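Structure assessment
The primary structure of each chain is shown beneath.
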Amino acid sequence: HSGSISHRKCLHKPSWPERPDNFTGDDFLEDLKRNLYVKRHSLLTVVVATGRVFQHFCSLCLFVQAYCLMLQGTLAPETVLFGLGMLAPPLYLAYLFCASGSADKSDLSPMRTAFGHCRLLLVLTAFTLMWSPLLKSLTATISTDTIHAMTAFFLTANLLFHDYGGSAAIVLKSFSLNSAVFAAICLASRLPSSLHTFTTVELALFVFAFWPELRRNMSVGLHSPFQPVLSLGLTFLLNLAAQCAMCFISMPAACCFLLLSCFIMLICPIMFVAMQAQKNNIHGPWDEAVIH
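As the structure is a prediction and not an experimental result, all values here were calculated from the model.

Conventions adopted
Residues numbered from 1 in each chain as written. Predicted model: local features only at pLDDT ≥ 70, side-chain atom pairs only at ≥ 80, totals over all residues. Heavy atoms only, no water. Helix = DSSP H or I, 4+ residues; strand = E, 2+ residues; numbered from the N terminus. Buried < 20%, exposed > 50% of the residue type's maximum accessible area, 1.4 Å probe, protein only. Contact = heavy atoms within 4.5 Å. Areas by Shrake-Rupley, 256 points an atom, 1.4 Å probe, with all protein chains shown as cover. Axes fitted to C-alpha atoms, helices over the stretch in contact; angles between N-to-C directions. Parallel < 35°, antiparallel > 145°, perpendicular 65-115°, else oblique. Left-handed = near helix turned anticlockwise from the far one by under 90°. Nonpolar A, V, L, I, M, F, W, Y, C, P; charged D, E, K, R; others polar. Polar contact = N/O pair within 3.5 Å; in protein donor to acceptor, adjacent residues only side chain to side chain. Salt bridge = Lys/Arg side-chain N within 4 Å of Asp/Glu carboxyl O. Patch = residues over 30% accessible without salt bridge, like charges linked within 9 Å, V, L, I, M, F, W, Y side chains within 5 Å. Expected span 1.5 Å × (residues − 1). Bend = angle between axes of the 7 residues up to and from the residue. 1 Å grid on protein atoms, 1.4 Å probe; cavity = no way out; pocket = protein on both sides within 12 Å on 5 of 7 lines; lining within 4 Å. Points joined across faces, edges and corners; volume = space filled by probe spheres on them. UniProt positions renumbered as here; feature names shortened; annotations may be inferred.

1. Brief notes about the overall build of the protein
Of regular secondary structure, the protein possesses nine helices and two strands. A burial count over the protein gives 30% of its 292 residues as buried. By sequence separation, contacts in the protein at least 24 residues apart represent 79% of the contacts at least 6 residues apart. Surface summary for the protein: the accessible area is close to 19000 Å², and the carbon and sulfur share equals 69%.

Right, here's the structure in full:
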């Protein structure tokens, strides 16, 4: 009897004429599940993760504070260069040690890696020293208020697009670094000499290029149960250094920075952990199909 079957093109045919189109049976919510893929975070984990953001914020504050102290004449550029020269060798040895234990380490030997980095450092130092007079006069015709507004904008961009160790679409490492270097060039035009300009750019390369890579290798390469303690200790030291430097600039600003530190490192993690109990993600047969 197959020949008697009529084939019709039907866009919609109601199965139950007595029921509305949005009818759902009593068993519709039987397969409802809540918070299937939610990862619960402990307070220590959240504080450590927040510390990575706060470490970069403190480093940025130290860079701006060094500029303010050099502008006031309290801090000499020779002192900054001497400090960088004393800090760079032990920190670079720590960088090589952490990179050797990292999972994404390169096939180059530590000696060849160190040679390549030293050559790059010499090239950047010579280039910066040679172009310091030009960099000092590059933005000299722009008003100071505009320079400070541009600096605040680009340093904020550096904070927003910096790589804090997570995979997100907003992470743009090259744009973040370029923003910080451009902010340093803007600030260098307000300092009195070419040596100040050279010191500012070198400090920016240290703070925004080398120092974040060292912190990232410390968090990735050191597989130790004491890693959270080390991370919190580094956060405390950077916070203490930024707090002390702020006291030389302005005591009201130092008090505001202390309150901001407590809010970021204590209040925000506690609020985040407390709000985890309010998460309510529902899952069921209405979800989109996922191909595994």
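2. Points about the packing of helix H1 (residues 43–72) against helix H8 (residues 227–249)
Here H1 crosses H8 at 30°, and the two axes come no closer than 8 Å. The orientation of H1 relative to H8 falls into the category roughly parallel. Two packed elements cross with a definite hand, and for H1 against H8 that hand is left-handed. Residues belonging to the contact of H1 with H8 are distributed by class as follows: 18 nonpolar, eight polar and no charged.

3. A look at the side chain of threonine 200
With respect to the secondary-structure elements, threonine 200 resides in helix H7 (residues 194–221). Looking at threonine 200, the relative accessible area reads 1%, which means it is buried. In this structure the side chain of threonine 200 is engaged in a polar contact, spanning 2.7 Å, whose partner is the backbone oxygen of histidine 196. For threonine 200, the contacting residues outside a window of four places in its chain are Phe63, Met70, Ala184, Ala188 and Leu191.

4. A closer look at the environment of methionine 265
One can find methionine 265 in helix H9 (residues 251–275). On the basis of relative accessible area, methionine 265 is assigned to the buried category, the value being 12%. With 211 residues separating them in the primary sequence, methionine 265 and phenylalanine 54 have C-alpha atoms 7.7 Å apart.

5. As for the pattern of salt bridges
In this structure the tally under the stated criterion is two salt bridges. The partner of lysine 173 in a salt bridge is glutamate 213, with the nearest N and O atoms 3.3 Å apart. Separated by 40 residues along the polypeptide, lysine 173 in helix H6 (residues 173–188) and glutamate 213 in helix H7 bring together distant segments of the chain. Overall, the relative accessible area of 44% leaves lysine 173 in the partly exposed class. By relative accessible area, glutamate 213 is classed as partly exposed at 23%. Several salt bridges converge on common partners, so that one network encompasses Lys173, Glu213 and Arg216.

6. Thoughts on a nonpolar patch on the surface
Residues Leu43, Leu260, Phe263, Leu266, Ile267, Ile270, Met271 and Met275 make up a contiguous nonpolar surface patch of about 730 Å² in total accessible area. Broken down by element, the nonpolar patch gets its largest block of residues, seven residues, from H9. Within the secondary structure layout, leucine 43 lies in helix H1. Given the relative accessible area of 41%, leucine 43 is considered partly exposed.

7. Considerations on H9
Here H9 is 25 residues long and its end C-alpha atoms lie 35 Å apart, about the 36 Å a rise of 1.5 Å per residue gives. Maximum bend of H9: about 35°, positioned at phenylalanine 263. Taken together, the buried positions of H9 are occupied by Ala254, Phe257, Ser261, Met265 and Pro269. Buried-residue contacts for H9 involve H1 and H8.

8. Brief notes about H1
A rise of 1.5 Å per residue sets the reference length of H1, with its 30 residues, at 44 Å; its end C-alpha atoms lie 41 Å apart and thus fit the reference within 8%. In H1, a bend of some 25° at arginine 52 exceeds every other bend along the element. Immediately beyond the C-terminal end of H1, within one or two residues, lies glycine 73, with a positive phi of roughly 85°.

9. Considering the layout of surface pockets
One simple way to see leftover space: roll a probe sized like a water molecule over the atoms. Empty space within the second largest pocket amounts to approximately 800 Å³. Together, 37 residues line the second largest pocket, and Arg52, Tyr164, Gly165, Arg216 and Ser219 are the ones closest to its centre. Listed by contribution, the elements that provide at least two residues to the lining of the second largest pocket are H1, H6, H7, H8 and H9. Residue contributions to the lining of the second largest pocket peak at nine residues, all from H7. Looking at the lining of the second largest pocket residue by residue, the classes come out as 19 nonpolar, eleven polar and seven charged.

10. Remarks on the UniProt feature "transmembrane region" (unreviewed entry) in the protein
UniProt marks residues 43–67, 79–99, 120–144, 164–188, 195–214, 226–249 and 256–277 with the feature "transmembrane region" (unreviewed entry), using the numbering shown here. In this annotation, residues 79–99 is assigned 100% helix and 0% strand; the end-to-end C-alpha distance for the span is 30 Å.

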